[in-house]
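Observations on the three-dimensional arrangement
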Amino acid sequence: METKYSVIGKPTGNVDGMAKTTGEGKYTFDMYLPNMLYGKHVRSPYPHAKIISIDASEALKLPGVKAVITGKDVPGGKWGLWRRFRELCDQIALADDKVRFIGEPVAAVAATTKDIAAKAVELVKVEYEILPGVFDPLEAIKDDAPLIHEDFENNINATRHIEWGNVDEGFKQADYVREDKFTLFPQAVVSMEVHNSLASYDKGTGKLTIWSSTQSPYYLQLGLADALKMREGDIRVIKPHVGGGYGGKNSTMPDATTAALLSMKTGRPVKVVFNREEEFTTTEHRMGLHLAIKIGLKKDGTILARECKIITDGGAYTGLGATALYLAGIFQTFPYKIPNWRYDAFRTYTNKVWATSVRGFGAVPTVYAAEVQLDRAAKEMGIDPLAIRRKNLMEPGYEAPGQYKVESCGIVPCVDKMAERIKEKWPKLEKDEGIGYAGFAYMSGGIFNWIDTPYAYSGARVQVNIDGSVDLFTQAADIGQGHNTVAVMICAEELGIGIEDIRLHPGDTATAPVDLGAWGSRETLMNGNAIKMAAGQVKQKLVDLARAKLGENIAYDLVCREKRIYLELRPERGYSYYEMVEAAIKLNDGEPLIGTGHYTPHNKGMISPAYGMGIMAMKAKVDRETGLVEAKDVLIVHDCGQVINPLGARGQVEGSVHMGLGYALTEEMPNDNGLVLNPSINDYKIIRQRDMPQIELLDVPTYDPSGPFGAKEAAEATISPTAPALANAVFDACGAEFDSNCLKPERVLKAIREAEKNQKNKAKAKK
Amino acid sequence: MKNITNSFEYFSPKTLEEALKLVSQFDKEGKDFKVVAGGQSINLVMKQGVIAPEAVISIKGLSDMDYVKFDEKAGLKIGALATHRAIERSSVVEKKFGVLAEMEHNLSSVETRNWGTVAGNICHGDPGGDVAPVLIVLNANVKMAGVKGERTVPAEDFTLDFYETALAHDELVTEIQIPTVPPNTGVAYTKFSQVVGDFALASVAVAITLDSKKDICSDVRIGLGSVAATPLRAKKAEEILRGKKITDDLLAKAAQAAMDESDPTDSVDASGEYKRELVGVFVKRVGKEALERAKKA
Ligand SMILES: Cc1cc2nc3c(=O)[nH]c(=O)nc-3n(C[C@H](O)[C@H](O)[C@H](O)COP(=O)(O)OP(=O)(O)OC[C@H]3O[C@@H](n4cnc5c(N)ncnc54)[C@H](O)[C@@H]3O)c2cc1C
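Starting from 1, residues in each chain are numbered consecutively following that chain's sequence as written. Going through the entries in the order they are written, you letter the chains from A and number the ligands from 1. For a predicted model such as this one, the threshold for reporting local features is a pLDDT of at least 70, and the threshold for listing and counting side-chain atom pairs is 80 or more; totals across whole chains, interfaces and linings nevertheless cover every residue. Calculated side-chain values reflect all of the structure's heavy atoms, with hydrogen atoms and water omitted.

Here the focus is the environment of A132(B). Residues and elements named next belong to chain B. Going along the chain from the N terminus, every DSSP run of H or I of four or more residues is numbered as a helix, and every run of E of two or more is numbered as a strand. Structurally, A132 can be placed in helix α8 (residues 131-137). The buried label applies to any residue whose accessible area, calculated with a 1.4 Å probe on protein chains only, is under 20% of its type's maximum; exposed applies above 50%, and partly exposed to all values in between. You can call A132 buried: its relative accessible area is 12%. Along the sequence, A132 and G75 sit 57 residues apart, while their C-alpha atoms lie 18 Å from each other. Contact between two residues is taken to exist if any of their heavy atoms lie within 4.5 Å; hydrogens are not considered. With residues up to four places along the chain from it excluded, the contact list for A132 reads I122 and P231.

On to the domain arrangement of chain B, then. All names here are of chain B. Start and end points for every domain follow an automatic or database-based domain assignment. Split by domain assignment, chain B resolves into domain 1 (9-58), domain 2 (63-178) and domain 3 (185-292). If you average the C-alpha positions of domain 1 and of domain 2, the two centres end up 19 Å apart. Accessible area that two parts lose when put together, with a 1.4 Å probe and added across both, is what the buried area reports. Buried area between domain 1 and domain 2, both sides added, is near 1200 Å², and the carbon and sulfur share of it is 74%. When the area that domain 1 buries against domain 2 is broken down by residue, the three leading residues are L16, L20 and Q40, summing to 37%.

Once that is clear, we can look at helix α10 (residues 248-261) of chain B. All names here are of chain B. Given the number of residues in a helix, its expected span is that number minus one, multiplied by 1.5 Å. For α10, with 14 residues, the first-to-last C-alpha span of 20 Å sits near the 20 Å given by 1.5 Å per residue. The complete set of buried residues in α10 reads L250, L251, A254, A255, A257, A258 and M259. The elements touched by buried residues of α10 are β13 (217-225), α9 (235-241) and α11 (272-296).

Where strands meet in a sheet, backbone hydrogen bonds hold them as pairs that are either parallel or antiparallel. Residues and elements named next belong to chain A. Pairing between two strands requires that DSSP report at least two bridges joining them. Ordered by their spatial adjacency, three strands build an open sheet running β24-β25-β26, and the pairing between neighbours is antiparallel. Sheet topology places β24 (558-561) and β26 (570-576) at the edges, where each strand pairs with a single neighbour. Along the sheet, successive strands turn relative to each other by an average axial angle of 30°, direction set aside. When β24 meets strand β25 (residues 564-567), the two strands line up antiparallel, connected through four bridges. When the bridges of β25 are listed, R561 appears paired with R564. Note on geometry: axes are C-alpha line fits, over the in-contact stretch for helices, and angles between N-to-C directions span 0 to 180 degrees. Against the sheet, helix α14 (residues 523-550) touches β24, β25 and β26, its axis set at about 125° to β24. Helix α15 (residues 577-587) rests against β25 and β26 of the sheet, and its axis sits at about 45° to β26.

Turning next to the domain arrangement of chain A. Considered domain by domain, chain A is made up of domain 1 (17-24 + 457-599), domain 2 (31-131 + 202-266), domain 3 (134-189 + 284-365) and domain 4 (408-444 + 607-767). Here the C-alpha centre of domain 3 of chain A lies 43 Å away from the C-alpha centre of domain 1 of chain A.

Moving on to the site of the ligand. All names here are of chain B. We call a residue near a molecule or strand whenever a single non-hydrogen atom of that residue lies within 4 Å of it. Around the ligand, 30 residues are found, and the nearest of them are V35, G38, S41, H84 and T117. In this structure, V35 approaches the ligand through a main-chain N or O atom, which is 2.4 Å from an oxygen atom. In these tables, accessible area is a Shrake-Rupley quantity obtained with a 1.4 Å probe, and a residue counts as shielded only by the protein chains included in the view. In isolation the ligand offers 970 Å² of accessible surface; the protein chains occlude 91% of this area. Breaking the shell around the ligand down by element, the ones donating at least two residues are β2 (33-36), α7 (118-124) and β10 (172-178). If one sorts the elements of the shell around the ligand by residue count, α7 sits on top with four residues. Grouping the amino acids of the shell around the ligand by side-chain chemistry returns twelve nonpolar, 14 polar and four charged. What qualifies as a polar contact is a pair of N or O atoms within 3.5 Å, subject to a donor-acceptor requirement within protein and to the restriction that residues adjacent in sequence count only when both atoms come from side chains. Charged residues are taken to be Asp, Glu, Lys and Arg, nonpolar residues to be Ala, Val, Leu, Ile, Met, Phe, Trp, Tyr, Cys and Pro, and polar residues to be all remaining types, Gly included.

To continue, consider a nonpolar patch on the surface. Residues L675(A), L677(A) and V268(B) make up a contiguous nonpolar surface patch of roughly 230 Å² in combined accessible area. Along the polypeptide, V268(B) turns up in the loop between α10 and α11. For V268(B), a relative accessible area of 39% gives the class partly exposed. Nonpolar side chains (Val, Leu, Ile, Met, Phe, Trp, Tyr) within 5 Å and like charges within 9 Å form the patches, drawn only from residues with over 30% relative accessible area and no salt bridge. By definition here, a salt bridge exists when the distance from a side-chain nitrogen of Lys or Arg to a carboxyl oxygen of Asp or Glu is within 4 Å.

Residues and elements named next belong to chain B. One open sheet accounts for four strands, arranged β11-β12-β13-β14; its pairing is antiparallel. At either end of the open sheet lies a strand with only one pairing partner, and these are β11 (185-192) and β14 (232-233). Note that strand β12 (residues 202-210) and β13 share eight bridges and pair antiparallel. Bridging from a neighbouring strand, A205 pairs with G223 of β13.

Next up on the list: empty space enclosed by the protein. Residue and element names in this part refer to chain A. Each cavity reported here is a set of points on a 1 Å grid over the protein atoms alone in which a 1.4 Å probe fits but cannot get out, each pocket an open set with protein on both sides within 12 Å along at least five of seven lines, and each lining residue one with an atom within 4 Å of a point. Grid points are joined across faces, edges and corners, and a volume is the space filled by probe spheres set on the points. Counted according to the given criterion, the structure contains eight cavities of 30 Å³ or more. Each pocket or cavity is described by its volume, and for the largest cavity that value is around 130 Å³. Each residue belonging to the lining of the largest cavity can be placed in one class, and the counts come to seven nonpolar, five polar and two charged. There are two domains that each give the lining of the largest cavity at least three residues, and those are domain 3 (134-189 + 284-365) and domain 4 (408-444 + 607-767).

Another aspect to go through is the nonpolar core. Residues and elements named next belong to chain A. Throughout this description, the term nonpolar core refers to a set of buried Ala, Val, Leu, Ile, Met, Phe, Trp, Tyr and Cys residues connected via side-chain atoms within 4.5 Å. Counting residues in each nonpolar core, the largest one holds 134 residues, and the members touching the most others are F331, Y404, I607 and L726. In terms of residues, this core owes the most to one element, helix α10 (residues 363-381), which gives eleven residues. Not counting the four nearest positions on each side in its chain, Y404 is found in contact with W164, I330, T333, F334, M394, Y398, E399, I607 and Y611.

All names here are of chain A. Orientation of helix α9 (residues 321-333) relative to α10, taken along the N-to-C sense of each, is 40°, at an axis distance of 8 Å. Comparing their axes, α10 and α9 come out oblique. Like other packed secondary-structure pairs, α9 and α10 cross with a definite hand, here right-handed. In contact with L327, A328, F331 and Q332 of α9, α10 contributes A363, T366, V367 and A370. The class makeup of the residues in the contact of α9 with α10 is six nonpolar, two polar and no charged. Small angles under 35 degrees read as roughly parallel and large ones over 145 as roughly antiparallel, with 65 to 115 read as roughly perpendicular and the rest as oblique. Crossing chirality is assigned from the near helix's rotation relative to the far helix, an anticlockwise turn below a right angle marking it left-handed and a clockwise turn marking it right-handed.

Before going further, it helps to spend a moment on the interface of chain A and chain B. Facing the 29 residues of chain A at the interface are 28 residues of chain B. Summed over both sides, the interface of chain A with chain B buries roughly 2400 Å², with 47% coming from carbon and sulfur. Remark: the boundary between chain A and chain B carries seven salt bridges. Linking R753(A) and E277(B) is a salt bridge whose minimum nitrogen-to-oxygen distance equals 2.8 Å. Applying the counting rule to chain A against chain B returns ten residue pairs in polar contact (both at pLDDT 80 or more). Secondary structure elements with two or more residues in the side of chain A that touches chain B: α3 (114-123), α8 (276-282), α16 (646-666) and α18 (745-766) of chain A. Each residue belonging to the side of chain A that touches chain B can be placed in one class, and the counts come to nine nonpolar, five polar and 15 charged.

All names here are of chain B. Here T209 lies in strand β12. Classification of T209 as buried rests on a relative accessible area of 14%. Here the side chain of T209 touches T185 through a polar contact of 2.9 Å, side chain to side chain. In this view, T209 contacts P182, P183, N184, T185, I216, C217, S218 and D219; residues no more than four positions away in its chain are not counted.

On to the pattern of salt bridges, then. Under the counting rule described, the total for this entry stands at 74 salt bridges over all chains. When the shortest N-O distance is used, the salt bridge between E494(A) and K532(A) registers 3.9 Å. Of this pair, E494(A) sits in helix α13 (residues 483-495) while K532(A) is found in helix α14, placing the two residues 38 residues apart along the sequence. Residue K532(A) is classed as partly exposed on the basis of its relative accessible area, which comes to 24%. Through salt bridges with shared partners, one network takes in E156(B), D219(B), R221(B), R233(B), K235(B), E238(B), E239(B) and R242(B).

Structure (structure tokens):
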């Protein structure tokens, strides 16, 4: 396809690809500093207990141990991401009065080797008074349940009520109403790189530098400032390459606070690296929840009303769980027009490690329920599952009162293209195969400002040097999703140069303007806009100079493309980019050309400036004797606006389907009174390459006015439909119904037998 | 992953003799030692802190024992250091013992197969291992050596209990011997796991030998994995089939018998009851596959 762009829209290899695949690229995990100590946590064996005393004397006697710290050594207070609501800032560096989950850190040691640190941990004696614990949200809200945080009655951490239209009236007018209940299991994050930080405190200047595996250098800077009682600016956060975050690395975690505290105490660099068991048992995950959902439809399949209630298993702290609670409701309504909608949500504290934003940010469990219920309704009403979806789709300009407005919206053409392609792709199914559908949409960054930043949501600075090379500075975080590539592509496109002309300086709070980090699929749109603006300022200088040299009037447009600046309608009239840069710098008293850019959404509703969306179809096969479900083939028709890097977008879609399939089929975290029963990669089952289905991805490009070059989200939307599409495919194949995710074969076999029994009973009743 | 935290003495003998001497000496001294081959199982239990030996003897350097040999008379000989990957990629294995290559192809990942040895797999004594059920139906023998001499036990008698084998503390496995597959024989193996290459929830191996008219089952062996404290030979199920013409009905009866013989326990993944059902399903399916193969053999 001929496009007006020379960089964006072309499949482009990851700019970090060579460094990462050869092992040259450095992650925090790979870093060592001279004189470095190793920190390790003493963790609670109890889910809920008072700390009576901590005796570190034996540990301190062990040669090589340089420091032991406890809650008493923490100078700052509590922290959290909901900084606008201080009561929700409930995280602490080291528990000082009581512990709230198994594995909560109560002390930490610093030693010269990892082995000594591990031995020292065993020598720290902690005396506890065990308190009764609570492990299920429905138990947690009972009046006689133990209180996990004093100030939160009935252990209710956050609530949400959202409503539009007239829901009761909608149900009254409906020809068909059904209610379903679901319990959705939590999902672990399992980033390839574990949480780890390396802190170095300079006692002379009182300044701290920390390298950390984080999704947001800025959030970490704020969290540390609260925990350490330091000025933000005295903390420099550097984010090297990061091996995955998925939502689990937004919160400031004890790897960072402890490394910092121990470094401040010892005056030596300290590294804290979690092991895989610590990852599973003490870091954040996707929330589990109980859910009730009711839908009302007209005979023809038009949705009139929906009501959804959830109560989530929040765990011991807040993280981004309160936001997930909100988005769980909002994204359940997409990509459909639901004229009357009511949502009531409760997040409870329980004595488990806590739940937060995880890829799909709240949407995954609630979209599952909604899409599965829609298929049950369609079947009973005798309507084709794709047709019932087609009937209710949003259109450009659609507004949910008081909540969001959808500008670019390609969902109708997406579904039409799907209907066409399905016929060619899967003309015939084999025995015990089925097809399931699910619609999806997701934000391109959030508008909410719980972090309470006075800064723009994203910033960038471009510096063009005498030889035309460009230094691009931004805190925007590439955590494996490929934003570094997107960032330089956007910068290159705007300046009309190649990505090889740009050196990116990402993720360093001391050198680059603030960006809120990689969550909510925000970097392409928000940081992309900031970069485009910064590059645009420099471009303007070059264009102005070229125009003056050409002696052209303002009415004639100049463009920067392929390293030239020329009259758009007379391409032969212009100058080379390099020539103009050199001239501009000389004219500028020798100062390099600097452009600064920033972006904050305005007047875009409560949620996001733009929404990526589409529809997924999944073909699955069921083994009726074992219950094994095989995800065979996936078809996705996708509107993510102008695609910046098709390779990157495809990678994000595949990654979403991968994590979504784990949620659908294999991943769960069984828990026995606060104890995670499968805290290893061996026992926690992740879908592997050989289990992955083929994925066909078709694009329906749109242009979103809010996005850089019209781009919007591509990183998370496709996780939410994966599990319901799979469950719907199984439903299609054999009629088995599920009230949870994680369709393990034993569960499926039970559901198949139930379905067979019901079918027989129905047949009997007919006779 | 946790790190191995205990320190230990490390020995890397270059010959079998040297290795056997060390093993026997440490055994006499009462030293807490462990032999390591590919380390794919032992490193895991050391990382978990389940064992913390004072000394580790790596036999990886005994390169003489890294072989896969075949001749019609003696059958297949797998040296103690032959890796899973070597079996999977051996052309003679593929031709003559296809079931072994099939089994290996779904045993974990290429990385593990490149490191792990077949001998180490059975020495580990994990009832969930893939190798043992297949060796059992192939009528394999395990050759062991100590300073005092050599002995051989049938594969089906090699595992005694959870992680316990017939191997004495001062012995090493030197070779696995598999006789040439008799004519008119079909062998098949399937493990059931939700994720490809994962440890089995249940696994079934079946070898069926038909008479010269390819009608009556003259011999049959059924091996089960993951459904008892040891890999299991389902002898009662075999009895039902031996000497008969195998039909679907008869296979169903054998499947029921195998279910009764198995004794699976609950795990995080699945209940014991479900695993028992799997035994039934797969004795039927794998039995059928073995029968088809026997007919074509
Ligand atoms: C991620 C992962 C997945 C796995 N998945 C599977 C699977 O799906 N199916 C499966 O069957 N296995 C699986 N395994 C286990 C693995 O295949 C075997 O256990 C492994 O091949 C053992 O061989 P090794 O050479 O590594 O033995 P080691 O770990 O070195 O040793 C294992 C035990 O055997 C002893 N030993 C080794 N060689 C000898 C010898 N010659 N004489 C006496 N004693 C000896 C050791 O002392 C030790 O007790 C998996 C392993 C990993 C790490």
